Each structure stands twice: as structure tokens, then as C-alpha cells.
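Breakdown of the fold
The lines below spell out each chain.
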Amino acid sequence: MKKLNGTRRAFGSALSAAALLGLAPLAFAQDFPARNKPIRIVVGFTAGGGTDAQARIVAQKLGEVLGTSVIVDNRPGASTMLAANEVSRALPDGYTLLYAPSSTMAQNPHTFAQVPYDPFKDFTAISMGGRGPLVLSVSTTVPANNVKELVAYVKANPGKVSYASFGAGTSSHIYGEAFVKKTGVDAVHIPYKGGSDAAKDLIGGRVQYMFDSASSAVITSASGKVKILAIAANARIAALPDVPTFAEQGIAGLDLPSWLGFYGPAHMPAPVVAKLNAALTQVLAMPQVREFYRTGGYEAGATTPEEFAGITRSTYERWGAMVQQVGLAKQ
């Protein structure tokens, strides 16, 4: 009998422990975030760029919504892989987030031989942040005002025209190679260590064209030394309403998805993810935030975590197919 009673007590204790464990995530979510513990948004770019600026306005508003401090931590390098790797190794408690472009999850695994993270196993998708395509920017030293004229110019100067990219294996490089293959031009690829360095040489006329982010291109075109000839998307964008897409100019296939979004480490508690997603949805719907994104060539907008996970997967597959078509070797 004593043995039976002991077994019952042990079983009851196990049930109590299980019940407590089941309530733990809910209790944690109710306490999240703690006022004395800041949330950190890691960005894989230097301070002052378009992605950093977006992260900072979201961080400010997110802190107001959640009632705690939210800071931006810049960890540039290795095509955003340093930042992504750091977040993938962080505690999945909701206090370390990643704000990353689609290239981090959808392109890097296809173009780099050594990627220190798995885009699907090592992260929790939280929400889309904004959509913004790459655009084709051309130096004003090039006598071309549309894609057809640029193609004619490059063909008239085989091997003498160069195009810049953010770096080997980046989205701007992939688009550049796809453009070469689809048009049959003979252009020289000049990789840089980032978009800002490439844009400086485009403004200076040392390279003739590049696929740049819309946010950067809007700024460089204001210099009067750069022209934007085409949008690499399936529709025109509000920031550049007069610039046609590639499809409108007779070139199909240069419209792969390009976006930025929020991730956390894998295995985050579902209630914490839901709380962060609700807060981000509120922030990204604010008129001030939406206008800030729009002036930089992006459209702010949240998604559910499930939707964002699906977008990540589908974008990964589409970019993989493009890399295979281009025949780009892993760096």
C-alpha cells in the first residue's frame, strides 16, 4: 500500500510539473518584455544606410508600443552573415532580433560555400518589415535613357563597359549576371565591399551601371549624376512612379522578390512571437513609419509569422532557380 501511495504521489508531482511547464510559456509572454531589459535589433549593415534607418525608426516606435527600450546593434560584414549568425546563436527569449534583407535567407545559401546558419532551422520568422526592389541605375556618362538604349550602348562597346555590385554572390551581382545573359551584352563585373562604395563609383563615372537598392538609388539619383532606368519588380513603385519595370521594357524574369523582415533565434515561445508580431504590425501601420519607408523606395507592411515563413521559403526557391540559370559558382 505504501508503495502504491508513493507511486501516486510521484505521478501527481509529475503531473504538477508538467502543468507548470505548460503554463511557463504563457507566464513568460505575460512578463515579456521586462522594462529593465532592452530588446536588441541586430542589423548586418553599417549605421547610416537605408536598412539601418528603417530599423531605427521601427525600434523607436516598437519601444513605445511595448513600453521598453529597443536598440539597434550594427554588425556589418560577410554579406550580413555575421549578424545573422549572431542572432541564430542567441537565447530565444525575444530580446535579440534580426532585421535582414531577403538576401540573408534566400540568396546567401545559394551563393556562398560557407554559410554559418540554416535559414529555416536556425531562425523564427516573426514578420515582414517592408518590400523594396532593386533598380537599374546608370551613370549619366552613359548615353542611355532606357534599357533598350543601354543594351545597344554596351553591345557597341563589348568588354569596355563595367557594372558594379554590392559584392560577389550578392543580389546585385546575380541580377547583373542575369541581365548579361538575357540581353547578350559583354560587360565586366566589378564587385565592391558594399552598396555605398559601389554607388560612389557609379556617381563618379568609374563604373557605368549597377543594380542598386531602391532606397540607395533614390539618394544617388538626386546627385544628378545617376539615372534610374528600370525597376526589378512586377510593378512600379510609389517612390519612382515614372520609372518602368523591366517587363514593361521587354525583358522578363528580372522581378524576383526583394524585402526586409524580422527574425529571432529558433525555438522562440509562440506567445512571445505573437506579442512581437502584434507590436510590429501596429508599428508598421503607423503613417509616419509608412511614409519613411516609402520615401526610401519601400512599402512598409507586416505579415503573420506563418506568412513570413512561407515567403522566406518561396523566395529562397526562386532565387535558387535564378542562381542555377545564371550558373554562378559559390564564392
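These lines cover the structure that appears in this document, whether it is placed above or below. Quick caveat, the model's predicted, so the values are computed rather than measured.

The buried fraction of strand β10 (residues 259-265) is high, at 7 of 7 residues. With 4 bridges joining them, strand β3 (residues 96-101) and β10 adopt antiparallel strand pairing. Across the sheet, the residue bridging to L98 is Y263, located in β10. Bridging between strand β4 (residues 123-131) and β10 involves 7 bridges; their strand directions are antiparallel. Looking across to β10, one finds that M128 is bridged to G261.

What follows is about the pattern of salt bridges. Under the definition given, this model contains 12 salt bridges. Residues D52 and R56 are paired through a salt bridge, measuring 2.9 Å at the closest nitrogen-oxygen approach. Of this pair, D52 and R56 are both found in helix α2 (residues 50-66), 4 residues apart, which corresponds to roughly one turn of the helix. In this structure D52 comes out as buried when scored by relative accessible area, which is 3%. By relative accessible area, which is 37% here, R56 ends up partly exposed. Salt bridges sharing partners connect three or more residues here, namely R40, D73, R75 and E86.

On to the environment of G296, then. Considering the arrangement of structural elements, one finds G296 in the loop between α10 (287-295) and β11 (299-300). Overall, G296 belongs to the buried group, its relative accessible area being 17%. Separated by 110 residues in sequence, G296 and D186 have C-alpha atoms that sit 32 Å apart. Each residue touching G296, except ones within four places of it in the same chain, is listed here: A214 and S215.

Our next topic: the packing of helix α4 (residues 102-111) against helix α11 (residues 305-326). Running from amino to carboxyl end, α4 crosses α11 at an angle of 35°, the nearest separation of the two axes being 9 Å. For α4 against α11, the interelement crossing comes out right-handed. Between α4, through S102, M105, A106, Q107, P109, H110 and T111, and α11, the contact on the second element is made entirely by T312, T315, Y316, W319, G320 and V323. Here the contact of α4 with α11 is composed, by residue class, of 6 nonpolar, 7 polar and no charged.

This brings us to the sheet that holds strand β7 (residues 187-191). Ordered in space as β7-β6-β8-β5-β9, the 5 strands form an open sheet in which the pairing is mixed. Every interior strand has two partners, whereas the edge strands, β7 and β9 (226-232), have only one. Averaged over all neighbouring strand pairs, the angle between strand axes comes to 30°, with direction disregarded.

Compared with the 21 Å implied by 1.5 Å per residue over 15 residues, the 21 Å span of helix α9 (residues 270-284) between its first and last C-alpha is a close match. Those residues of α9 that fall on the buried side of the exposure criterion are V272, V273, L276, N277, A279, L280, V283 and L284. Buried residues along α9 cover an arc of 165° about the axis, so they all sit on one side.

In space, the 6 strands of this open sheet follow the order β2-β1-β3-β10-β4-β11, with mixed pairing throughout. The open sheet terminates on both sides in strands that have one partner only, identified here as β2 (70-74) and β11. Across the sheet, helix α3 (residues 81-88) lies against β1 (39-43), β2, β3, β4 and β10, angled at about 150° from β3, the strand it touches most. Against the sheet, α9 engages β1, β3, β4, β10 and β11, with an angle of about 5° to β4.

So, about the pairing of β7. Both strand β6 (residues 161-165) and β7 contribute to a ladder of 5 bridges, which runs parallel. By the bridge assignment for β7, Y163 is matched with H189. Taking the sense of rotation as the criterion, the β-α-β connection linking β6, helix α6 (residues 171-183) and β7 turns out right-handed.

Running from N to C, α6 and α11 point in directions that differ by 50°, and their axes come no closer than 10 Å. Regarding the angle of α6 to α11, the classification is oblique. As for how α6 packs across α11, the hand of that crossing is left-handed. Counted together, S171, I174, Y175, E177, A178 and K181 of α6 and W319, M322, V323, Q325 and V326 of α11 form the full contact between these two elements. Partitioned by chemical class, the residues of the contact of α6 with α11 number 7 nonpolar, 2 polar and 2 charged.

A separate point is α4. Extensive coverage of α4 is indicated by the burial of 10 of its 10 residues. Buried positions along α4 lie against α3, β3, β4, α6, β10 and α11.

All chains considered together, the criterion is met by 14 aromatic pairs. Linked through ring pairs, Y163, Y175, F179, Y209, F211, F246 and W319 together constitute an aromatic cluster. Residue placement shows K37 over the ring face of Y95; its charged tip is 4.4 Å from the ring centre. Above the plane of the ring of F120 lies R313, whose end atom (NZ or CZ) is 3.6 Å from the centre.

The rules behind these values
Residues numbered from 1 in each chain as written. Predicted model: local features only at pLDDT ≥ 70, side-chain atom pairs only at ≥ 80, totals over all residues. Heavy atoms only, no water. Buried < 20%, exposed > 50% of the residue type's maximum accessible area, 1.4 Å probe, protein only. Helix = DSSP H or I, 4+ residues; strand = E, 2+ residues; numbered from the N terminus. Pairing = 2+ DSSP bridges. Salt bridge = Lys/Arg side-chain N within 4 Å of Asp/Glu carboxyl O. Contact = heavy atoms within 4.5 Å. Axes fitted to C-alpha atoms, helices over the stretch in contact; angles between N-to-C directions. Left-handed = near helix turned anticlockwise from the far one by under 90°. Nonpolar A, V, L, I, M, F, W, Y, C, P; charged D, E, K, R; others polar. Expected span 1.5 Å × (residues − 1). Arc of directions from axis to C-beta. Right-handed = clockwise from strand over helix to strand, strands pointing away. Parallel < 35°, antiparallel > 145°, perpendicular 65-115°, else oblique. Phe/Tyr/Trp six-rings, centres within 6.5 Å; stacked < 30°, edge-to-face > 60°. Lys NZ or Arg CZ within 6 Å of the ring centre and 35° of its normal.

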